[in-house]
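Below, each chain spelled out in residue letters.
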Amino acid sequence: MDDARAAELDRDDPLPSLRDEFAVPPWPGGHAPEWAYLAGNSLGLMPLAARAAVEAELAEWERLGVEAWFESREPWLEYAGSLRGSVARLVGADASEIAVMNSLTVNLHLLLTSFYRPTRERFRIVIEDSAFPSDSYAVRSQAAWHGFDPAEAVVRLRPRDGETTLLTEEVVEALERESGSLALVLLPGVSYLTGQVLEVVPITEAAHAAGAVAGWDLAHSIGNVPVALHDSGADFAVWCHYKYVNAGPGAPGGAFVHERHARSFELPRLAGWWGNDPAVRFRMEPEFVPREGAEGWAVSTPPVVAFAPLAASLEQFDRVGLPALRARSMRLTGYLEELLDEVARSRRLAVITPRDPDRRGCQLSVSVEHASALARRLRDEHGVVCDFREPDVLRFAPTPLYTTFRDCARAAHALLEVL
Ligand SMILES: Cc1ncc(COP(=O)(O)O)c(C=O)c1O
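Overview of the structure. (Residues numbered from 1 in each chain as written. Predicted model: local features only at pLDDT ≥ 70, side-chain atom pairs only at ≥ 80, totals over all residues. Heavy atoms only, no water.)

What to know about the overall build of the chain
Along the backbone of the chain there are 15 helices and 15 strands. Expressed along its principal axes, the backbone C-alpha trace of the chain runs to roughly 65 × 60 × 35 Å. Sequence separation of at least 24 residues holds for 71% of the intrachain contacts in the chain that already meet a minimum separation of 6. For the chain, the exposed surface amounts to about 17800 Å²; the carbon and sulfur share of it is 53%. Put simply, the chain has 41 plus and 60 minus side-chain charges, and the middle of one group is 3 Å from the middle of the other. (Helix = DSSP H or I, 4+ residues; strand = E, 2+ residues; numbered from the N terminus. Contact = heavy atoms within 4.5 Å. Areas by Shrake-Rupley, 256 points an atom, 1.4 Å probe, with all protein chains shown as cover. Lys, Arg positive; Asp, Glu negative; His and termini not counted. Charge placed at Lys NZ, Arg CZ, Asp CG, Glu CD.)

The structure is reproduced here in structure tokens:
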């Protein structure tokens, strides 16, 4: 926990942090001016440009009223569409496969309505046992909606005894085992709890080989690790933009629908006028004519002012590029891992995130007793913000855009003290 080494790493890193472009919360009365913020896996910090971006849309509203839908600098009618290219780059998709809309769980329900088509023989949904609760609620409620018993329809994958993460082979074997009754697989690109990366390509292939649809929750992947959604052949994916993409609390989310479903108009959908073909939308006719591509699943008028911080954030990702960010992320996380291992030599804790940098994103999860009390003490006594998941996991996410090596050193040092 050598502060000089952290300072040197900050100075010499090939990709300097963009910290100056972010609002890093101050720590009034603390022994450092700012928090060491390692909670970007929960809510990313505010890009300073977000304020101007929001104000610009407010100014257009002020100047043009309803005419801003058509005549604004960035006509509001096209605003959601204009973000798709940048979002598509982050998830390895074509812009036409992306819709920026709603929030994650809402998008999940919209897409499950189309892609979960259970029959009496084929009705099971595979998720991981430690799936984010909202995903679990969504698939259980969908199974019940179709008249199935969620306890029977939803299969939860658990790591082998004594292990904390799932191996790809285990997932593939489980999908083969369930193949007679499997309708859909919904897994996270990165586990929210352990930070583990799940392999999208082989798991999607195994889902398809088992006759099932492959859906992905990329909440902890987007802006964190590279994903190749299109090439993987995944059927659909959903995510939020308020974690690593820094678009603000409850920011509009994203959805991917693979190109091969772009014109699958026979699929049932919960329709709304924003998914209608723009060529006929304003004819106000009673029949729904879905537009092609992912935006055919849109339902309602887009929240333009809420899009503005996302636009500001995407500009940063476009400027820096995900490959450079991922390389910096690996350096930061590797450094934090070293320091946490040092803490583990004299204190009772264990890093439960995979050790292989390719099998994790930036987050390191630590299993430790009294996690919630520790998180509070880390913040109040040391100005180190991480988060906890009951009962015994602390999560530290050195996000590469604004976290520094010094933040990592502060976090490890603080953990040593509070333990
Ligand atoms: C992995 C994962 N899935 C789903 C959600 C729920 O997202 P939302 O509240 O935007 O629906 C979250 C939220 O943190 C999450 O981390």
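Read on for the rest.
A short note on the environment of D149
By secondary structure assignment, the location of D149 is in the loop between α6 (133-145) and α7 (150-153). For the pair D149 and L18, spaced 131 residues apart in the sequence, the C-alpha separation amounts to 49 Å.

A short note on the packing of aromatic side chains
Using the criterion set out here, one finds 12 aromatic pairs in the structure. With 5.0 Å between their ring centres and 80° between their planes, W273 and W274 make a pair best called edge-to-face. A relative accessible area of 8% places W274 in the buried class. The residue whose ring lies beneath R281 is W274, and the NZ or CZ to ring-centre distance is 4.3 Å. (Phe/Tyr/Trp six-rings, centres within 6.5 Å; stacked < 30°, edge-to-face > 60°. Buried < 20%, exposed > 50% of the residue type's maximum accessible area, 1.4 Å probe, protein only. Lys NZ or Arg CZ within 6 Å of the ring centre and 35° of its normal.)

Here we look at the packing of helix α8 (residues 168-177) against helix α9 (residues 200-209)
Where α8 meets α9, the closest approach of the two axes is 9 Å, and the angle between their N-to-C directions is 10°. Between α8 and α9, the angle falls in the class roughly parallel. Within the contact between the two elements, α8 uses T168, V171, V172 and L175 and α9 uses P202, I203, A206 and A207. Partitioning the contact of α8 with α9 into residue classes produces 7 nonpolar, 1 polar and no charged. (Axes fitted to C-alpha atoms, helices over the stretch in contact; angles between N-to-C directions. Parallel < 35°, antiparallel > 145°, perpendicular 65-115°, else oblique. Nonpolar A, V, L, I, M, F, W, Y, C, P; charged D, E, K, R; others polar.)

Quick look at the packing of helix α4 (residues 76-91) against helix α12 (residues 304-320)
At their nearest, the axes of α4 and α12 sit 10 Å apart, and the two run at 35° to each other. In this structure, α4 meets α12 at a crossing whose hand is left-handed. Taking contact as the criterion, the partners of W76, Y79, A80, L83, S86, V87, R89 and L90 in α4 are, on α12, V304, F307, A308, L310, A311, L314, F317 and D318. Among the residues making up the contact of α4 with α12, the classes are represented as 13 nonpolar, 1 polar and 2 charged. (Left-handed = near helix turned anticlockwise from the far one by under 90°.)

Some points on the sheet that holds strand β10 (residues 253-257)
Ordered in space as β4-β10-β9-β8-β7-β5-β6, the 7 strands form an open sheet in which the pairing is mixed. With partners counted over all chains shown, the strands left at the sheet margins are β4 (98-101) and β6 (154-157), one partner each. Ignoring strand direction, the axes of neighbouring strands in this sheet form an average angle of 20°. Of the strand pairs in this sheet, β4 and β10 are connected by 4 bridges, and their pairing is antiparallel. Bridge pairing in β10 places M101 opposite G253. Against the sheet, α9 engages β7 (182-188) and β8 (213-217), with an angle of about 145° to β8. (Pairing = 2+ DSSP bridges.)

Observations concerning the sheet that holds strand β14 (residues 387-389)
In spatial order, the strands read β11-β12-β15-β14; together these 4 strands make up an open sheet with antiparallel pairing. The outermost strands of the open sheet, each flanked by one partner alone, are β11 (350-351) and β14. Direction of pairing for strand β12 (residues 364-367) relative to strand β15 (residues 393-396): antiparallel, over a ladder of 4 bridges. Bridged to V366 within β15 is L394. In the packing of helix α13 (residues 322-346) onto the sheet, the strands contacted are β11, β12 and β15, and the crossing angle to β12 comes to about 15°. Its contacts with the sheet put helix α14 (residues 371-382) on β14 and β15, and the angle it makes with β15 is roughly 40°.

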